[in-house]
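Architecture at a glance
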Amino acid sequence: MEAGLSAGTPIARSWSPTRLGAFFCGSGQWTIEIQEALVSCRSTTRSLEILLTELARLEVRAGTFWSKVTLVTSNSRTPDDSFAVNGLPNAAARELSRVLRRAWVPVRIRTLSNHPGSLLLWARSVEAALDFSHWVTHEEAEQLQARRPGKSEIGFDLDDLFRDLAEFPDEGIGFAESLHEAESLTPEKVTSQVAAHNRRFVARESVEYAEFFRTVERSPLNPDQIESCICFDNRVLTVAAAGSGKTSTMIAKAGYALAREIARPEEILMLAFNADAAKELRQRVSRRLGPLDLGADKINAATFHKLGLEIIGKATGRKPSVAPWLDQGRDVEVVAEIITELSKTDLKFRVTWTLFRLVFSRDLSAFEDEPEPDYWDSEASRDGFRTMNGEVVKSEEERMIADWLFVSGVEYEYEREYEFDTVTAEHAQYKPDFYYPAAKVYHEHFGLDEFGQPPERFGKKYLEEAEWKRAKHKENETKLLETTSFGVRQGDDLGRLQSELEALGVRFEPDPDREIPGRAPPSHAELARNFRVFLTHAKSNRLSIEDLRLRLRDSGRQGFRLRQNAFLFLYERIAEEWDRRLRAGEYVDFEDMLNLATELVTSGRWESPFRVVMVDEFQDVSRARADLVKALVSRKGRFLFAVGDDWQAINRFAGADISLMSDFEETFGSGQQLALPETFRSPQVLCDIASDFVLRNPAQIRKTVTSSQPAFGKPVQVYLCDEASREALLEKHLQALYDKVGGPEHPTRADGFVSVLLLGRYNHDAPSRLRQWRDSFGDRMRLDFLTIHSAKGLEADYVFIVKVGSGRYAFPSTIEDDPILLLAMPHGDEFAFAEERRLFYVALTRARRMVVIYGDEGTPSRFLEELAKDERVALVGEGKRVCPSCEEGYLVGRAGPFGAFVGCSRFPRCRYSEGAGEVGGALD
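One structure accompanies this document, and this report is about it. (Residues numbered from 1 in each chain as written. Predicted model: local features only at pLDDT ≥ 70, side-chain atom pairs only at ≥ 80, totals over all residues. Heavy atoms only, no water.)

**Quick word on a nonpolar patch on the surface**
Quick reminder of the rule: Patch definition: residues above 30% relative accessible area lacking any salt bridge, with like charges linked at up to 9 Å and the nonpolar side chains Val, Leu, Ile, Met, Phe, Trp and Tyr linked at up to 5 Å. Accessible surface is estimated by sampling points in the Shrake-Rupley manner with a 1.4 Å probe; for residues, cover comes only from the protein chains shown. Here, a salt bridge means any side-chain nitrogen of Lys or Arg that lies within 4 Å of a carboxyl oxygen of Asp or Glu. Each helix is a run of DSSP H or I of at least 4 residues and each strand a run of E of at least 2, with the numbering of both proceeding from the N terminus. For every residue, the accessible area (1.4 Å probe, protein chains only) is compared with the maximum for its type, and the residue is labelled buried under 20%, exposed over 50%, or partly exposed between those bounds.
The grouping of Leu 20, Phe 23 and Phe 24 at the surface amounts to a nonpolar patch, some 390 Å² of accessible area in total. Position of Phe 24 relative to the elements: it lies in helix H1 (residues 19-25). Accessibility expressed as a relative area gives 57% for Phe 24, which makes it exposed.

Written out as structure tokens, the structure reads:
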């Protein structure tokens with residue numbers, strides 16, 4: 001019957017049960033008739049007409065001789081919406097199925113081609129979206145994905161249609177391929193197609209706007225800068241190398257947005273971190289974009305603080321005032337004043353502050369770690385940790401206990417020989433950790449955790465030794481007090497020890513002003529800086545004191561809890577007084593102001609007019625700033641362009657949160673991460689040395705910095721010298737440079753000068769003869785001194801880093817990276833000296849030609865020890881050799897009881913020496 005049926009042939013065919021089939025199946029008489037696009041179903045009890053467009057499926061259930069046939073409509077909800085009959089011979093049932101499926105093919109094709117929920121129409125919309133009129137954003141791509149229809153939206157199963165197309169190919173010539181292609185448009189494939197489109201778009205725009213990108217700045221933009229300009233995704237982070245032209249890229253991107261009519265001038269906002277940077281942006285916009293007649297004078301360039309104040313003023317009608325001590329840069333000074341005042345008026349605060357500053361200012365290393373000694377006891381010929389009382393003890397925990405005893409006015413003796421002879425073939429004379437003469441009692445501090453177990457590095461005999469010590473005291477009936485690592489870190493061992501000693505007659509008479517013969521504690525100002533940093537982060541992240549305590553509780557059994565609890569107690573009182581002063585003067589601080597501005601934008605009380613928001617120096621963004629930016633671009637069709645360098649993130653003290661770069665998409669949403677890896681400043685060798693150095697921290701975003709800048713001599717030179725000769729050596733080198741300025745190795749710039757920047761970690765590193773040097777060398781060299789923090793964003797032909805040593809006021813400074821700060825931060829920056837490392841990278845990358853570094857000969861910086869491993873770094877004029885034992889320090893001259901010798905600069909961490917009877921050996 002269907003042999004002559006072909007595409008477009010009208011179908012007219014009917015099926016009914018046989019007499020026997022109707023009898024044995026009890027179906028009665030019925031008829032199914034197919035005529036073009038209509039299926040007519042009639043029985044003795046009902047009739048139903050079904051359009052093929054409404055037919056969802058045909059079910060045929062074959063029996064021994066006869067089949068049951070059910071037709072189900074796409075909107076079938078009750079039995080009246082389907083037609084089920086029986087008694088059709090199996091062969092006829094198969095024929096019905098085949099004819100119906102074939103007739104169904106063109107109907108379903110037409111449905112797919114025209115139905116608004118059709119996969120084909122959706123696929124065509126994807127194709128239409130990928131034209132060359134604009135960059136396809138993540139927002140648009142996500143909307144395309146969301147509109148992809150499911151099977152239920154078209155009323156039938158696509159798998160059935162694919163099967164029927166395979167059986168009746170003439171009914172859908174070319175359609176099967178289109179349908180397969182549409183179905184294969186998975187989210188991953190759409191994403192891939194969007195990415196390919198955007199790459200082609202960048203290539204086309206680069207050509208079409210080639211003249212603009214060639215002339216918009218003084219130097220033509222390179223391909224990476226051009227891509228950053230053209231890429232108008234909703235969220236774009238451009239990771240830029242030092243000296244890669246970040247500001248030029250921002251200016252050009254703003255101009256491109258105006259030329260392409262992506263935004264009007266008043267819809268573009270450029271955010272900078274200080275007034276000078278915002279002023280420079282305005283000047284660059286006027287100078288570079290003004291002549292293009294694009295209305296660039298209406299572009300907004302402002303600081304975060306100026307924007308925040310304007311938002312509050314416009315939304316509330318009352319523009320607040322920032323506390324004057326903040327505008328004056330006196331915030332740390334005010335925190336120090338608060339500490340002084342509270343110490344005078346609050347006894348508990350004074351006691352806690354004294355204990356924290358003198359005893360708990362330094363955190364303890366992790367229980368499992370082995371901290372490096374920081375002092376050499378020449379009398380005892382051993383290394384260790386120096387206490388305030390002046391002795392050298394074996395562990396950080398013992399130093400903390402000794403300092404606590406010293407501050408408490410308790411007389412003690414460290415490792416006094418036990419009063420009974422214990423010398424045997426296996427044991428030397430026993431020396432308990434502490435002895436208290438006033439009570440004639442001994443005290444052992446055991447390195448044991450909460451389960452009474454030592455760290456693995458102590459070895460298996462440690463517990464045996466502890467039991468031996470206890471047994472000796474029991475045997476000799478001497479009094480032994482005990483503390484453990486867990487007890488002093490997590491428990492109340494110090495409080496218990498005090499109670500036990502006082503019960504034995506030992507007097508505790510704290511005297512914070514007593515003379516300190518040994519290790520000096522940090523000053524009030526040093527610790528005030530840490531509390532100011534903590535206050536900034538806590539406010540920026542909107543963390544109450546309850547939130548902070550909860551974070552501390554949830555951090556588990558780690559850290560030095562006695563210290564942490566003391567810090568939070570002090571912080572709470574300092575923060576309360578800080579806020580009281582703000583209220584009294586009707587002031588706001590920056591964090592409160594930014595948080596309020598964010599709330600006004602988020603709530604809709606102030607509607608952002610900005611379509612494009614650009615943020616410079618994004619590595620310095622705080623959480624409060626990030627929240628404001630996020631609110632500004634929260635509506636659909638907004639664009640965020642952030643540019644920065646996480647390698648130069650050095651403003652943690654001001655609230656900067658480096659995780660906002662590393663977790664950019666997590667914070668702001670999906671987008672693009674691009675790079676500006678080419679620097680126009682430093683030669684390649686210097687770039688490589690600086691990059692390798694900063695990337696030792698695996699948390700830094702990796703990029704390969706490239707440069708075509710010429711090299712002038714050796715780009716990095718390190719001199720080791722003592723404090724007395726440093727300034728004379730620096731002057732000698734400045735004189736040598738002065739004499740060669742204008743020669744082939746040291747050509748002048750267009751103005752007839754070379755620029756020289758002297759950099760110090762601290763202001764007090766400034767050379768005393770700076771003024772005389774300016775007078776002597778000023779006709780050929782522009783000479784200046786800055787701290788490294790102040791020099792960020794600047795550059796010079798030659799950079800001299802004047803003092804790089806070890807210690808608290810050295811480089812890296814041990815004042816930095818207090819782990820307690822992590823309580824107030826969303827993500828920790830836990831790599832050792834992470835910010836100090838980035839600061840050193842900033843110092844290295846200020847130079848266009850050469851960096852000269854002056855290190856302490858006796859106590860060199862660990863940063864110089866790292867550079868010494870790099871064969872590209874020259875140790876000029878000093879003849880220093882890398883230590884053959886640790887391969888980190890240098891061999892430096894020393895004097896000993898047996899004469900002069902050379903030893904490792906990392907002493908006492910490394911005891912390698914040569915000369916004076918110890919050639920090639922390690923000191924015991």
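**Quick word on the sheet that holds strand S12 (residues 375-377)**
Using the following cut-off: For two strands to count as paired, DSSP must find a minimum of two bridges between them.
A sheet is described by the order of its strands in space; here three strands give the open sequence S12-S13-S14, paired in antiparallel fashion. Edge positions in the open sheet fall to S12 and strand S14 (392-393), since each of these has one partner strand only. Pairing between S12 and strand S13 (residues 382-386): three bridges, direction antiparallel. Looking at S13, one finds that Asp 377 is bridged to Arg 382.

**Digging into unusual backbone geometry**
In this model, Phe 811 is joined to Pro 812 through a cis peptide bond whose omega is 10°. In this structure, Arg 542 is a non-glycine residue whose phi angle is positive, near 55°. In this structure, Arg 542 sits in the loop between helix H20 (524-540) and helix H21 (545-554).

**Focus: helix H16 (residues 396-407)**
One turn of the α-helix equals 3.6 residues, which is why residues spaced by three or four share an orientation. Selection criterion: Expected span of a helix, by definition, is 1.5 Å for each gap between consecutive residues, and there is one gap fewer than residues.
The end-to-end C-alpha distance of H16 is 16 Å, a good match for the 16 Å that twelve residues give at a rise of 1.5 Å each. Taken as a whole, H16 has its buried residues at Glu 396, Glu 397, Glu 398, Arg 399, Met 400, Ile 401, Ala 402, Asp 403, Trp 404, Leu 405, Phe 406 and Val 407.

**Topic: the pattern of salt bridges**
Applying the stated criterion to the full structure yields 59 salt bridges. Put simply, Arg 42 and Glu 49 hold a salt bridge, and the shortest N to O gap is 3.8 Å. You can call Arg 42 partly exposed: its relative accessible area is 42%. Where Arg 470 meets Glu 467, a salt bridge forms, and the shortest distance between an N and an O atom there is 2.6 Å. Here the residue Arg 470 and the residue Glu 467 both occupy positions in helix H17 (residues 462-476), the gap between them amounting to three residues, near one helical turn. With a relative accessible area of 25%, Arg 470 lands in the partly exposed category. Through salt bridges with shared partners, one network takes in Arg 330, Glu 333, Glu 337, Glu 341, Glu 577, Arg 580 and Arg 581.

**Topic: the packing of helix H12 (residues 304-316) against helix H23 (residues 590-603)**
We apply this condition: Each axis is a line fitted through C-alpha atoms, and for a helix only the stretch in contact is used; angles between axes span 0 to 180 degrees, taken between their N-to-C directions. If an angle is under 35 degrees, it is roughly parallel; if it is over 145, roughly antiparallel; if it lies from 65 to 115, roughly perpendicular; otherwise it is oblique. With the far helix as reference, a near helix turned anticlockwise by less than a right angle produces a left-handed crossing, and one turned clockwise produces a right-handed crossing. Residue contacts are counted whenever heavy atoms from the two residues lie within 4.5 Å of one another. Three classes are used: nonpolar for Ala, Val, Leu, Ile, Met, Phe, Trp, Tyr, Cys and Pro, charged for Asp, Glu, Lys and Arg, and polar for all others, with Gly counted as polar.
Their axes nearest at 9 Å, the elements H12 and H23 cross at an angle of 50°. Relative to H23, the element H12 lies oblique. Here the hand of the crossing between H12 and H23 comes out left-handed. In this structure, H12 contributes Phe 304, His 305, Gly 308, Leu 309, Ile 311, Ile 312, Ala 315 and Thr 316 to the contact, and H23 contributes Phe 590, Met 593, Leu 594, Leu 596, Ala 597, Leu 600 and Val 601. Here the contact of H12 with H23 is built from residues that sort into twelve nonpolar, three polar and no charged.

**Focus on the sheet that holds strand S7 (residues 82-89)**
In spatial order, the strands read S5-S6-S7; together these three strands make up an open sheet with antiparallel pairing. Of all the strands in the sheet, just strand S5 (55-62) and S7 have a single pairing partner and so form its edges. The average undirected angle you get between the axes of adjacent strands in this sheet is 15°.

**Structural notes on the side chain of Arg 235**
Test applied: Polar contacts, as used here, are pairs of N or O atoms within 3.5 Å; protein pairs need one atom able to donate a hydrogen and one able to accept it. Residues neighboring in sequence count only if both atoms are side-chain atoms.
Examined against the element boundaries, Arg 235 turns out to sit in strand S8 (residues 235-240). Side-chain polar atoms of Arg 235 contact the backbone oxygen of Val 633, separated by 2.9 Å. At 3.4 Å, the side chain of Arg 235 forms a polar contact with the backbone oxygen of Arg 638. Not counting the four nearest positions on each side in its chain, Arg 235 is found in contact with Val 633, Arg 638, Leu 640, Phe 664, Phe 668, Gly 669, Ser 670, Gly 671 and Gln 672.

**Some remarks on the pairing of strand S18 (residues 480-484)**
Definition in use: Whether a crossover is right-handed depends on one test, that the path from the first strand over the helix to the second runs clockwise when the strands point away from the viewer.
Sheet analysis places strand S17 (residues 441-446) next to S18, joined by five bridges and oriented parallel. Looking across to S18, one finds that His 443 is bridged to Leu 481. For the segment spanning S17, H17 and S18, crossover handedness is right-handed.

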